Amino acid sequence: MKSLRHEVKALEAQTRQVRDAGGKILAPYITGGITENWTDYLHASEQAGADLIEIGLPFSDPTLDGPTVQRASEKALRRGATVERILRDVAGLGLSVPLVVMTYANLVFRNGAEEFCRALCESGIGGLIVPDLPVDEAGSLSEVAGRHGIDLVLLASPVTPPQRQQVIVERSRGFVYAVSLMGTTGERLELAGSGRELATSLRRRTDLPVLAGFGVSSPHHAAKAARYADGVVVGSALMLKVLDGAGPEQLGASVASLRAALDTADG
């Protein structure tokens, strides 16, 4: 299968361009295979102003996924979603924004990291997030991913000590993922205050864009997070809408409202 990466801007180039132009990066999350027409949600998100799109590869034993994303993954798995089918669905979509896969180490190393990263590249994926992969064990995967033109994005949490934060920002590619709270993904009534401190600390340590995720549940949250981060990842709030029956048009409207909030945010 021919690589499609030449058709879109590389992940880090995209995030830097948006940040350096004074914009805020919007990264909606979609669980791969959640519906028969799930790729229509990708197109709708792109058209609504997403700067990149995170695709979740469903896994039966997640560690960081909260109830909503777990439900979405379970639904996708019941529909027969697999890594191979999801990547086959994505290949040839012609999207103009980078795609980032989020999944767990079991799926990455099941048949070998080389084969996994090659498959991502051939499907046009530009980034990879593996939340249960410690930074100390990320070196070999980062090397393999880099050979295939894929940015391995690393995560930091509110309890990550300063010295470890420094290692994470030095080894991350594409952007740095600031996990705003301790716990799983999920909708929240209020943003955790720990996110501001973490994102501020990370931005002092790196020139890479820093995106805040976990708990960003509304346009108000997105605007608030944009005051201290370079952008946001929004997952559970969008997947809850899909689980409740929202079609691509309705999801696109939700992404557009997040886009508007970021575009008018202070900071």
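I will try to describe carefully the structure that is included in this document. (Residues numbered from 1 in each chain as written. Predicted model: local features only at pLDDT ≥ 70, side-chain atom pairs only at ≥ 80, totals over all residues. Heavy atoms only, no water.)

1. A look at the overall build of the protein chain
Quick note on the threshold: Per the convention used, a helix needs a DSSP run of H or I reaching at least four residues, while a strand needs a run of E reaching at least two, with both numbered from the N terminus. Throughout this description, buried means an accessible area under 20% of the type-specific maximum (1.4 Å probe, protein chains only), exposed means over 50%, and partly exposed covers the range between. Residue-level accessible areas treat just the shown protein chains as cover; the underlying method is Shrake-Rupley with a 1.4 Å probe.
Counting its regular elements, the protein chain contains 12 helices and eight strands. Counting only residues that meet the buried cut, the protein chain has 57% of its 267 residues in that class. If you sum the accessible surface of the protein chain, you get close to 10,900 Å²; carbon and sulfur atoms cover 48% of it.

2. What about the layout of surface pockets?
Note the threshold: Residues are said to line a cavity or pocket when one of their atoms sits within 4 Å of a point; the points come from a 1 Å grid over protein atoms alone, cavities being sets where a 1.4 Å probe fits but cannot get out and pockets being open sets with protein on both sides within 12 Å along at least five of seven lines. Grid points are joined across faces, edges and corners, and a volume is the space filled by probe spheres set on the points. Under the scheme applied, nonpolar residues are Ala, Val, Leu, Ile, Met, Phe, Trp, Tyr, Cys and Pro; charged residues are Asp, Glu, Lys and Arg; polar residues are all the others, including Gly.
Here the second largest pocket is characterised by a volume of approximately 270 Å³. Lining the second largest pocket are 16 residues; nearest its centre among them are Val83, Glu84, Leu87, Glu115 and Ala119. Listed by contribution, the elements that provide at least two residues to the lining of the second largest pocket are helix 4 (83-90), helix 5 (105-109) and helix 6 (113-122). With five residues, helix 6 is the largest single contributor of residues to the lining of the second largest pocket. Residues belonging to the lining of the second largest pocket are distributed by class as follows: seven nonpolar, three polar and six charged.

3. Some details on the nonpolar core
Formally: Side-chain atoms within 4.5 Å are what join buried Ala, Val, Leu, Ile, Met, Phe, Trp, Tyr and Cys residues into a set we call a nonpolar core. Residue contacts are defined here by distance: any two heavy atoms, one from each residue, within 4.5 Å place the two residues in contact.
Core analysis: the biggest nonpolar cluster contains 74 residues, and Trp38, Leu128 and Leu141 have the highest contact counts within it. Residues contacting tryptophan 38, with those up to four places away along its chain left out, are Ile30, Thr31, Gly32, Gly33, Ile55, Ile86, Asp89 and Val90. Counting residues in hydrophobic clusters, the runner-up holds 16 residues, among them Ile25, Leu52, Val100 and Val153.

4. Some remarks on the pattern of salt bridges
Applied cut-off: Salt bridges are defined by distance alone: a side-chain nitrogen of Lys or Arg within 4 Å of a carboxyl oxygen of Asp or Glu.
Here the structure, examined in full by the defined rule, presents 11 salt bridges. The closest approach of N and O atoms between arginine 19 and aspartate 207, which form a salt bridge, is 3.7 Å. Taken together, the positions of arginine 19 in helix 1 (residues 11-20) and aspartate 207 in the loop between helix 9 (194-205) and strand 7 (210-213) put the pair 188 residues apart, joining distant regions of the chain. With its nearest N and O atoms 3.1 Å apart, the salt bridge here joins aspartate 263 to arginine 259. Here arginine 259 and aspartate 263 lie together in helix 12 (residues 248-263), a separation of four residues that amounts to about one turn. Exposure remark for aspartate 263: the relative accessible area of 53% places this residue in the exposed category. In this structure arginine 259 comes out as buried when scored by relative accessible area, which is 12%. Because the salt bridges share partners, they merge into one network encompassing Glu12, Arg16, Arg19, Asp20 and Asp207.

5. Let's talk about the sheet that holds strand 3 (residues 99-102)
The cut-off we apply is this: Here a strand pair is declared whenever DSSP counts at least two bridges between the two strands. Fitted lines through C-alpha atoms give the axes, limited to the stretch in contact for helices. The angle between two N-to-C directions lies from 0 to 180 degrees.
Around the barrel, which closes on itself, the eight strands sit in the order 1-2-3-4-5-6-7-8 with parallel pairing between neighbours. Along the sheet, successive strands turn relative to each other by an average axial angle of 25°, direction set aside. By the bridge criterion, three bridges tie strand 4 (residues 127-129) to strand 5 (residues 151-156) in an arrangement that is parallel. By the bridge assignment for strand 5, isoleucine 129 is matched with valine 153. The strands touched by helix 8 (residues 162-171) within the sheet are strand 5 and strand 6 (176-179), with strand 5 carrying the most contacts at an inclination of about 160°. Of the strands in this sheet, strand 1 (25-31) and strand 8 (231-234) touch helix 11 (residues 236-243), which is tilted by about 40° from strand 1.

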